[in-house]
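Spelled out from the first residue to the last, the chains are:
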Amino acid sequence: MRVLRNGRDRRHSGSSGPRAFEARTGSKQKNDDLLLPFQDAEAGIGPLSGIRRYRAGRDPGEVEVPASLEPVEILPGVLWLRVDQPFALDHVNCYLVEDYGGWTLVDTGIGGEIGSRQWDALLNGPLRGTRITRILTTHAHPDHIGAAGWLSRRFDAVIYSNADELNRLRHMLRSFDPAEASRNAAFYRMHGLAGEAADALSLQDHRYAAFVDELPADIRHLTSSEVLDIGGRQFAVIIGRGHSPCGMLYRSLDGTVCFSGDQILSSITPLIGVWAENADENPLDDYLSFLASVPVQISDAALVLGGHQMPFKDAAARALSIRRHHEERCAIIRSFCGDEGRSVGDIIPVLFPKAKGEMSIGFAFGEVLAHMHYLAARGELDTGRAGDWAIQFTRTNP
Ligand SMILES: [Zn+2]
């Protein structure tokens with residue numbers, strides 16, 4: 001395994017930015033008792049003085065949700081902050097980890113005008129004096145990598161991602177091609193969407209471009225064999241596929257914390273989808289494989305810090321519950337398809353009766369087709385054609 005240390009951290013260790021947790025306590029010992037006087041003594045003084053600090057004796061999983069743009073220290077040396085976004089899921093969790101005198105940021109929230117305004121407010125407010133030395137992304141969705149380019153330029157910070165994630169992002173941000181849009185709309189109609197919904201979905205990707213800042217050319221590509229040294233703590237990279245092509249989770253080798261991105265969240269299931277651009281893929285199979293690996297990859301005691309919602313522990317139990325959720329959906333789909341032959345468009349109202357509006361219909365479409373691909377690959381559904389073109393699925397009787 002390769003251990004990566006951010007070389008820039010050492011060069012800047014004498015800056016006025018916030019000092020490492022151990023330095024402030026005057027000890028390498030992470031003894032909770034040492035924190036209480038430290039917490040009182042530091043309140044209201046120096047960089048990050050307005051931030052609510054980690055308190056000894058508290059279960060970090062029970063910390064209250066931080067208000068938008070008001071970071072809290074959820075573990076010693078780990079800040080949790082929320083940034084807003086103009087979507088149904090209205091926030092993203094980002095994390096700052098103390099790192100040899102600088103800070104490593106895990107995910108950035110959206111970019112564009114909204115993103116830079118929020119980061120300006122953070123860096124001129126509660127994070128004043130903070131120097132971000134590198135940016136780890138969990139995956140390349142706009143709400144996780146969107147502001148990485150802007151932050152990278154502001155701090156000369158290195159961005160970490162990987163080729164599969166960046167390729168999908170580039171595809172999402174490609175310039176509009178009418179011929180491709182027309183092909184994609186035909187794909188969605190073939191799967192039972194009405195003309196208007198099919199046209200809207202064929203354009204959906206292009207709406208995200210406004211939320212992603214231009215990325216620098218030199219991005220560090222990570223693999224699953226790497227270990228990152230963040231402020232003296234070792235973090236292994238876990239590759240988690242399904243929600244995105246090649247997501248990355250960062251698990252501390254001491255078993256205390258795991259940054260999980262969207263691959264595993266506290267109470268919503270991440271979107272697992274097939275659309276025109278990944279029509280040959282079976283991401284639900286990838287995702288269920290990831291969930292099956294969680295008990296051996298993430299300690300039950302680790303505090304899981306996801307890209308949305310709340311921190312939680314016992315990742316294995318959460319993985320099992322998500323697995324069951326998908327199994328239930330598969331059972332509903334098989335039963336509904338029966339011998340009749342159903343299209344994705346037929347199934348959307350069954351699985352997602354509340355889906356209204358272009359964005360939620362688009363998500364529902366992707367999620368249903370991902371389940372159809374999974375079931376077809378397992379031989380539990382047959383794929384056929386109604387008339388010349390409409391793709392329908394029927395249940396097999398093994
Ligand atoms: Zn995501």
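Owing to the predicted nature of the structure, the values given are computational and were not obtained by experimental measurement.

Student: Now, about unusual backbone geometry: what can you tell me, with residues and values included?
Tutor: Even without a glycine there, the phi angle at Tyr100 is positive, about 50 degrees. In this fold, Tyr100 is placed in the loop between strand 4 (91–99) and strand 5 (102–106). At Asp156, a residue that is not glycine, the phi angle is positive and equals roughly 55 degrees. By the secondary structure assignment, Asp156 is in the loop between helix 6 (148–155) and strand 7 (158–161).

Student: Got a sec to walk through the nonpolar core? Specific residues and values, please.
Tutor: Nonpolar side chains tend toward joint burial in soluble globular proteins. Tyr95, Ile135, Leu151, Tyr250, Cys258 and Phe365 are the most contacted members of the largest nonpolar core, which has 91 residues in total. The dominant element in this core, judged by the number of residues it contributes, is helix 13 (residues 357–377), at nine residues. Every residue in contact with Tyr95, bar those within four places of it in the chain, is listed here: Val78, Leu79, Trp80, Val106, Phe259 and Leu305.

Student: Give me the lowdown on the environment of Ala315, citing residues and values where you can.
Tutor: Looking at the secondary structure, you find Ala315 in helix 11 (residues 315–337). Residue Ala315 is classed as buried on the basis of its C-beta count, with 24 C-beta atoms lying within 10 Å. Between the C-alpha atom of Ala315 and that of Ala301, which follows or precedes it by 14 residues, the distance is 8.4 Å. Apart from residues lying up to four places away in sequence, Ala315 is in contact with Cys258, Ile264, Val294, Ile298, Asp300, Ala302 and Val304.

Conventions we followed
Residues numbered from 1 in each chain as written. Predicted model: local features only at pLDDT ≥ 70, side-chain atom pairs only at ≥ 80, totals over all residues. Helix = DSSP H or I, 4+ residues; strand = E, 2+ residues; numbered from the N terminus. Core = buried A, V, L, I, M, F, W, Y, C linked by C-beta atoms within 7 Å. Buried ≥ 20, exposed ≤ 12 C-beta atoms within 10 Å, placed from the backbone. Contact = placed C-beta atoms within 7 Å.

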